[in-house]
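Architecture at a glance
What follows is the residue order along each chain.
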Amino acid sequence: MLCALCIWVSLLLISIIIVWFYKWSNPKCRGKLPPGSMGIPLLGETIHFFKPNTTSDISHFIKERVKKYGPIFKTNLVGRPVIVSTDSDLSYFVFQQEGRCFQSWYPDTFTEIFGKQNVGSLHGFMYKYLKHMVLSLFGHESLKKMLPEIEQSACKKLELWSNQDSFELKDSTASLIFDLTAKKLISHDPEKSSENLRENFVAFIRGLISFPIDIPGTAYHKCLKGREKAMKMLRNMLEERREKPRENPSDFFDYVIEELKKEGTILTEEIALDLMFVLLFASFETTSLALTLAIKFLSGNPSVLKRLTEEHEAILRNREEADTGITWKEYKSMTYTFQFINETVRLANIVPAIFRKALRDIQYKDYTIPAGWAVMVCPPAVHMNPDKYQDPLVFNPSRWEGSESTNASKNFLAFGGGMRFCVGTDFTKVQMAVFLHSLVTKYRWEEISGGNIIRTPGLQFPNGINSLIQRHSLSKSWREWLEPAFLLWRPGGDRYERPPYMTRTEKDKPQYTPEQEYAIMDEQVNESDGFDINFSLFRCVFNYHPATLDTHHFVDEPETDGDLLIRLSQGSLDGYNLENSTQFEFVKVVRANYHWSSAIMFLITFQVKDPYDGLIKPFQARVRHAEGVLLEYVFCRPEPGQKVECVGTVKTDVQKDLEKDAKRKRLEKDVEKDAEKDAKKQSLE
Ligand code: HEM
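Here is a short report on the structure shown in this document. The structure presented is a predicted model; accordingly, all values stated were derived computationally and were not measured.

Right, let's talk about the coordination of the iron atom of the ligand for a bit. Counting protein donors to the iron atom of the ligand gives just one, Cys-422 (SG), placed at 2.3 Å. Note that Cys-422 resides in the loop between α16 (379-383) and α17 (425-442).

In structure tokens:
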């Protein structure tokens with residue numbers, strides 16, 4: 001009896017499971033669903049979807065299914081039935097129908113992390129109100145005013161990184177972008193704040209599209225904790241500001257406080273805080289990923305770097321004053337830079353999926369998208385489609401020639417499309433362009449380690465990109481600039497004092513007039529670019545001076561000026577080696593001159609060892625320096641006019657050359673011997 005009951009229960013259970021499985025695999029639809037598999041109950045195809053992809057290409061998940069089912073297919077992700085669109089026409093249709101057939105919708109993980117009132121989950125009037133607020137913040141007028149601030153931040157960070165032995169690129173660009181956005185939104189200055197707001201956002205890219213398992217250790221849990229802490233900080237800051245309103249309202253907090261004061265306002269503190277949180281995240285994580293990848297692309301594409309550098313150097317050349325910051329007109333003229341940014345974000349695919357929900361049953365071509373189902377628009381599938389982009393995996397900014405604007409089109413979805421097109425696009429472009437301007441005109445860099453990418457499906461750099469960066473020159477005008485010689489004091493004149501290096505007295509012959517001395521000095525400066533001056537000819541004092549090695553004029557004891565010159569020469573040579581892929585070794589400083597140039601411009605002649613032939617060769621460097629304040633490597637080069645060849649690559653080449661040489665000589669000797677033998681033979685005959 002009991003046994004029969006067990007069999008019945010088991011049969012019933014199996015039947016229930018089969019029906020459940022059948023229903024899961026064949027969801028109800030008043031029409032024809034696109035092909036595809038709903039995967040296994042509860043999990044659907046989620047595990048495949050999250051499978052890491054280490055390439056820039058479309059994920060296996062998408063590729064396999066497109067091959068099997070075509071560009072539109074159904075699936076189930078994190079418990080939701082989803083229609084995946086890799087078809088640019090359907091994706092375009094979905095964006096255009098926002099609010100009518102489709103509505104912005106994101107998985108529960110998003111709403112939990114970004115807040116239920118975040119801009120992506122709001123619709124209708126409230127959404128329009130918030131969008132207007134954000135656009136006023138990141139619109140053209142506001143960005144124009146921000147240009148100097150953005151440039152200063154970029155320069156400051158670059159200077160900081162160049163003073164470190166190495167730096168991690170992704171984290172460093174994230175801190176640059178975060179600090180800028182936080183300053184703009186809430187006047188947050190990380191240097192003055194005791195709390196680190198940014199650290200709360202670091203786990204986000206992994207946690208956003210992940211299993212919603214809220215247990216310690218999961219990415220989702222880290223995100224929720226980060227949100228909790230960041231929201232607490234933001235709430236406290238808003239409270240403080242409300243208690244002590246500022247005289248000159250200028251940031252987003254001020255704007256929000258004004259709005260909250262208005263009678264009948266629809267804005268609430270919760271909505272404002274959710275918006276602030278979304279903007280901080282949306283801005284810093286996306287732009288920093290784009291910037292990191294942009295630098296990586298530049299490192300791997302010397303011809304692109306060259307073209308980009310030319311565009312930015314031309315901007316400097318055309319300026320009346322080299323040191324004025326970037327103007328809006330200059331920014332707008334960066335045609336190749338915009339092509340470069342477009343190509344970067346196309347390949348970056350920072351937003352791998354854009355979600356919508358069908359508001360009713362939608363008929364598209366032969367298929368029906370049932371009401372309530374999610375639609376996942378897949379930008380990478382469009383960006384990596386060879387029918388839309390020739391050789392899609394190749395980084396080629398020139399493919400954008402003539403279409404530099406980042407406006408959405410059917411084939412370009414990096415910033416979304418339709419009504420929900422990214423409000424931060426221009427902010428991103430300004431930040432990237434301004435940063436690239438400082439980077440390519442003043443620095444050279446190199447990846448030391450790391451640099452792998454992984455997409456799960458969000459883009460990440462699992463072991464970072466450890467890099468080395470060094471200032472290579474000032475603007476063109478600085479590089480070409482040679483300070484003219486001029487007379488400071490003539491003998492007997494007011495404040496005349498004879499510097500210790502001057503050995504000539506008034507009695508020594510030949511006695512040149514100050515004007516003659518000036519002519520000699522001028523000639524020597526021009527002939528040698530200021531590197532070689534015979535100071536023993538002068539009694540007058542000029543702006544050019546020789547540097548002494550055992551003094552402490554420019555550094556504090558125990559360091560000597562000689563130590564400083566070694567440091568500067570070595571730094572210059574490191575930059576030269578980095579730029580030219582050479583391995584010259586610093587040997588010693590030979591001599592140095594200097595003059596004042598709102599710091600001290602050192603003109604150093606030093607020796608290097610050439611690994612090619614082991615010979616010592618002369619080099620020159622021009623470095624502008626003020627201890628602890630300024631360090632600018634203006635240029636470094638082999639001394640011109642020397643009849644030595646500077647190769648700078650490793651010795652194995654020499655070995656090979658010697659071997660080749662010896663072989664050639666042996667062959668020549670053999671030929672000679674043969675010729676001698678032939679001659680002897682002939683004479684005997
Ligand atoms: C490389 C940088 C960026 C990329 C690739 C990017 C990408 C996107 C995409 C694809 C969307 C559309 C989402 C959808 O349709 O559901 C979007 C929307 C949005 N983005 Fe960006 N974004 C970037 C930078 C920024 C920045 C700097 C900000 C902040 C100022 C920002 C704020 C927003 C906001 C608030 C939305 C929602 C707009 C709406 O729902 O109407 N984004 N972004």
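This part is about empty space enclosed by the protein. With the rule as written, the count across this model stands at five cavities of 30 Å³ or more. Roughly 1,200 Å³ of volume is contained in the largest cavity. Lining the largest cavity are 48 residues, and of these Tyr-106, Ala-282, Thr-286, Val-351 and Cys-422 lie nearest its centre. At the level of secondary structure, the elements contributing two or more residues to the lining of the largest cavity comprise α5 (108-114), α6 (124-138), α9 (204-208), α12 (269-300), β5 (354-358), α16 and α17. For the lining of the largest cavity, the leading source of residues is α12, giving ten residues. Residue composition of the lining of the largest cavity, grouped by class: 30 nonpolar, 14 polar and four charged. Grouping the amino acids of the lining of the second largest cavity by side-chain chemistry returns nine nonpolar, five polar and three charged.

Right, let's get into the site of the ligand. For the ligand, the set of nearby residues contains 22 residues, the closest of which are Tyr-106, Tyr-127, Arg-356, Arg-420 and Cys-422. Between Arg-356 and the ligand, the recorded distance is 2.7 Å, taken from a side-chain N or O atom to an oxygen atom. In a pocket analysis with a 2 Å cut-off to the grid points, the ligand is assigned to the largest cavity. For the shell around the ligand, the secondary-structure elements that each account for two or more residues are α6, α12, β5 and α17. For the shell around the ligand, the element with the highest residue contribution is α12, accounting for six residues. For the shell around the ligand, the per-class residue count stands at 14 nonpolar, six polar and two charged.

What follows covers the pairing of strand β2 (residues 80-85). Each regular strand shows side chains that alternate between the opposite faces of the sheet. Relative to β2, strand β1 (residues 72-77) runs antiparallel, the two being bridged by six bridges. Bridged to Phe-73 within β2 is Val-84. Counting the residues between successive antiparallel strands, the hairpin from β1 to β2 contains two residues, one of them, Val-78, with a positive phi of roughly 30°. Across four bridges, the pairing between β2 and strand β8 (residues 374-377) is parallel. Among the inter-strand pairings, Ser-85 is bridged to a residue of β8, identified as Val-377.

Parameters at a glance
- The numbering scheme is per chain: residues are counted from 1 as the chain's sequence reads.
- This being a predicted model, a pLDDT of at least 70 is required before a residue's local features are given, and a value of 80 or more before pairs of side-chain atoms are given or counted; all residues contribute to the totals for chains, interfaces and linings.
- Side-chain measures here rest on the full set of heavy atoms in the structure, leaving out hydrogens and waters.
- Donor atoms are limited to N, O and S found within 2.8 Å of the metal ion, a distance that becomes 3.2 Å for Na, K and Ca. With water left out, some sites might look partial.
- Numbering goes from the N terminus for both helices and strands, where a helix is a DSSP run of H or I of at least four residues and a strand is a run of E of at least two.
- Method remark: on a 1 Å grid restricted to protein atoms, a set of points is classed as a cavity if a 1.4 Å probe fits but cannot get out and as a pocket if it is open with protein on both sides within 12 Å along at least five of seven lines; lining residues have an atom within 4 Å of a point.
- Grid points are joined across faces, edges and corners, and a volume is the space filled by probe spheres set on the points.
- When residues are grouped by polarity, Ala, Val, Leu, Ile, Met, Phe, Trp, Tyr, Cys and Pro land in nonpolar, Asp, Glu, Lys and Arg in charged, and all others, Gly among them, in polar.
- Here, proximity means that at least one heavy atom of the residue falls within 4 Å of the molecule or strand.
- Polar contact is the term for a pair of N or O atoms within 3.5 Å; when the atoms are in protein, one must be able to donate a hydrogen and the other to accept it, and sequence-neighboring residues count only if both atoms are side-chain atoms.
- More than half of a molecule's atoms lying within 2 Å of a cavity's or pocket's grid points is what places that molecule inside it.
- Here, strands pair whenever DSSP counts at least two bridges between them.

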